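# Breakdown of the fold
Here are the chains, one letter per residue:
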Amino acid sequence: DCSILNKLKQEEDCPKMLLTITNFAFSKMVQNLMHQLDSEFESKRGRPAYPRTLLLIVVLYCFSIDIANYTKMEEECKKNKFLLIVTCGLKPSRNSFANFLNKSDAKVIKKVFIATLVLLNDLHFLDFVKLFVDGTDAIVRASRNNKITPKEVERLKLMNEWNLLHNNTPKSINHTIEGLEEKLEFYKNDEEMCKTINSILKRINLYNTNIFSKLDIYSTILNERNIGSVSVSFPEACWMKTKKGIYDFAFNLQEIMTENHIILTGMLLTQSNDWKTIKDVLKNIYETIDLFIEMQREFGERRNYSEIRKRIREHILIADSGYFSTENLYHLFINKINALVMPKKLSEDHNNSLRRENGYKEKRKKSTKKDFIRVKNGYICPFGRFMRLVEVKKVKRWKPHKEDTFPDICKTKKYIFKTYSCKGCPNIENCKHQRLVIHISDLIYEMTEKFLNKRYKIHYKARFSRSEGINGFLKGDNGVLKLIGTTENAVNNEIQLRNTIYNLTRLINLKDTAY
């Protein structure tokens, strides 16, 4: 390890990032983790596996120079003189990198990322006063058009009963087609069965043994999510609208950042939006902090465990309007999190004001309430009169409702606002805006009031530079984050390593020097 690092330092044009990655990978903390992975891949038969440290350095460095393709990683190992020094002349194949992401223990790879937090903490760069959460789409390697439906899952079962599943060879496919043609003849008087067989023939490539092996996964996900189809090659991914405005199979990547642009944790979720993500985000933050303190005790220099826990309890969590839902606000409330989430109404008003400034048409909802402006403690009516809150009423429901099990603070209520004074208004005789009724929960009303406080607005303004900076780094020049992993374990490991390289880059910037 020392000899490899010394050889790299002797190369005058060796990239600073590669020096940082190599030193990081050969640190006592990361070596302890790599030994755990090496023991997993030990085999008494066949060719010995490549050392995990070697693969870790190559993968991290390739991510740092925007190489996100197994084949290109293999090519880089053959032509990059610095990587040849790191690998001692070994040339791992694309399969070696694929297996590294596919088969490595996710908890161990998560700890590799947390090792960056230990380094940053020892250098006093880590702070938890404000945490910023933001989501973006992480597209998977799966065709948008290659889906499987519940009906096709049932047809797979039928094909297995008939012993007609093929193994993707031309001979096997022809045998399956011949068998289906015989079934058509046998069921010629059964219109429904003939229709089923013809549907199978149209997608004959779907009915093979490899896809049948994932039958339980397809069935479970279709039932749990109550959806009409899943990806054939990557069923765990969800069908979601991406930032580019098109639909694709992807994961919802949630990143939690500190005020000085450091990633605290990141995770992939299967929700297509951020309305119900805070519960998982908070769970992930607490799990990360527990692992971080565990590693800080074992490998770190500082002993500031109580300070870390205190900061996490007192932090402000800041999020955009995509997180403004009763469910998210409820989980923030029960966990006693001091949060600042942009209300949807204020976000719409702000975006429309920007559109007006830039000469674009406003996006207006078809609502009689769209012309009322939300302000501290009330609204401004269309004629410029202040409307104050005068009454809050419970909503009476005559049938069972999903909110029946909610705590009172989460239940929808009628918030009634009335004009304080209409004196001098020219429309006083024909005015229809003297009373306004809004159906919202106490949580939503209180968060909106908090957001209208100028002191809190200053905190929120810092969100954009943090979240957009990190998402921009992960997405690269084309503005798209396309994951290279082909399994759920692989993409989770990939995100941890991408976050690792981001924090190491940030470490260089903060120290302004390489190791």
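Residues numbered from 1 in each chain as written. Predicted model: local features only at pLDDT ≥ 70, side-chain atom pairs only at ≥ 80, totals over all residues. Heavy atoms only, no water.

## Overview of unusual backbone geometry
Applied cut-off: Labels follow the DSSP assignment, with helices taken as runs of H or I lasting at least four residues and strands as runs of E lasting at least two, numbered in each case from the N terminus. Note on classification: 1.4 Å probe, protein chains only; a residue is buried when its accessible area is under 20% of the maximum for its type, exposed when over 50%, partly exposed between these limits.
With a phi angle near 60°, D66 is a residue other than glycine that sits in the positive phi range. For D66, the location among the structural elements is in the loop between helix 4 (52-64) and helix 5 (70-79). In this structure D66 comes out as exposed when scored by relative accessible area, which is 55%. Even without glycine at this site, H261 takes up a positive phi of about 65°.

## With respect to the side chain of N121
As a reminder of what qualifies: Pairs of N or O atoms are called polar contacts if they sit within 3.5 Å, as long as, within protein, a hydrogen donor faces a hydrogen acceptor (for residues adjacent in sequence, only side-chain-to-side-chain pairs). Contact criterion: two residues are considered in contact whenever any of their non-hydrogen atoms come within 4.5 Å of each other.
Tracing the backbone shows N121 in helix 8 (residues 106-122). Reaching out from N121, the side chain makes a polar contact with the side chain of N304 at a distance of 3.1 Å. The residues touching N121, leaving out its near neighbours within four places in the chain, are L126, F292, Q296, R302, N304 and I308.

## Let's talk about the packing of aromatic side chains
Rules: Stacked, tilted and edge-to-face are the three classes assigned to paired rings of Phe, Tyr and Trp, where Trp is represented by its six-membered ring and a pair needs centres within 6.5 Å; plane angles under 30 degrees give stacked, over 60 edge-to-face, the rest tilted.
Across all of its chains, the model carries seven aromatic pairs by this definition. With a centroid separation of 6.1 Å and 25° between ring planes, the pair formed by W162 and Y187 is classed as stacked. Here the residue W162 occupies a position in the loop between helix 9 (150-161) and helix 10 (170-186), and Y187 occupies one in the loop between helix 10 and helix 11 (191-202), the gap between them amounting to 25 residues. The exposure class of W162 is buried, given its relative accessible area of 16%. The interplanar angle of 75° and the centroid separation of 5.7 Å between the aromatic rings of F234 and F251 together place this pair among those described as edge-to-face. On the criterion of sequence distance, the pair formed by F234 in the loop between strand 3 (230-231) and strand 4 (238-241) and F251 in strand 5 (residues 247-258) is long-range, its members being 17 residues apart. We classify F251 as buried; its relative accessible area is 2%. One aromatic cluster is present, built from ring pairs that chain together W162, F186 and Y187.

## Points about helix 18 (residues 442-451)
The buried fraction of helix 18 is high, at eight of ten residues. Turning to helix 18, its buried residues number three or more, namely D442, L443, I444, Y445, M447, T448, E449 and F451.

## Some thoughts on the state of the cysteines
What we call a disulfide is simply a covalent bond connecting the sulfur atoms of a pair of cysteines. Filter applied, for reference: The disulfide criterion is simple: two cysteine sulfur atoms within 2.5 Å.
For the structure on display, the rule yields zero disulfides. In this structure C425 is not part of a disulfide, and its nearest cysteine sulfur, from C431, lies 5.9 Å away. In this structure C425 comes out as buried when scored by relative accessible area, which is 8%.

## Some details on the layout of surface pockets
Our working rule: A 1.4 Å probe that fits into a set of points on a 1 Å grid over the protein atoms alone but cannot get out defines a cavity; an open set with protein on both sides within 12 Å along at least five of seven lines defines a pocket, and lining residues are those with an atom within 4 Å of a point. Grid points are joined across faces, edges and corners, and a volume is the space filled by probe spheres set on the points. Residue classes follow a fixed rule: Ala, Val, Leu, Ile, Met, Phe, Trp, Tyr, Cys and Pro count as nonpolar, while Asp, Glu, Lys and Arg count as charged, and any other residue, Gly among them, counts as polar.
Put simply, the second largest pocket is a space of about 690 Å³. G135, K243, D274, D320 and G322 are the residues nearest the centre of the second largest pocket, which is lined by 22 residues in total. Counting only elements with at least two residues in the lining of the second largest pocket, the list comes to strand 1 (130-139), strand 4 and helix 20 (463-475). The biggest single contributor to the lining of the second largest pocket is helix 20, with six residues. Among the residues forming the lining of the second largest pocket, the class breakdown is four nonpolar, nine polar and nine charged.

The analysis is restricted to geometry; functional conclusions fall outside its scope.
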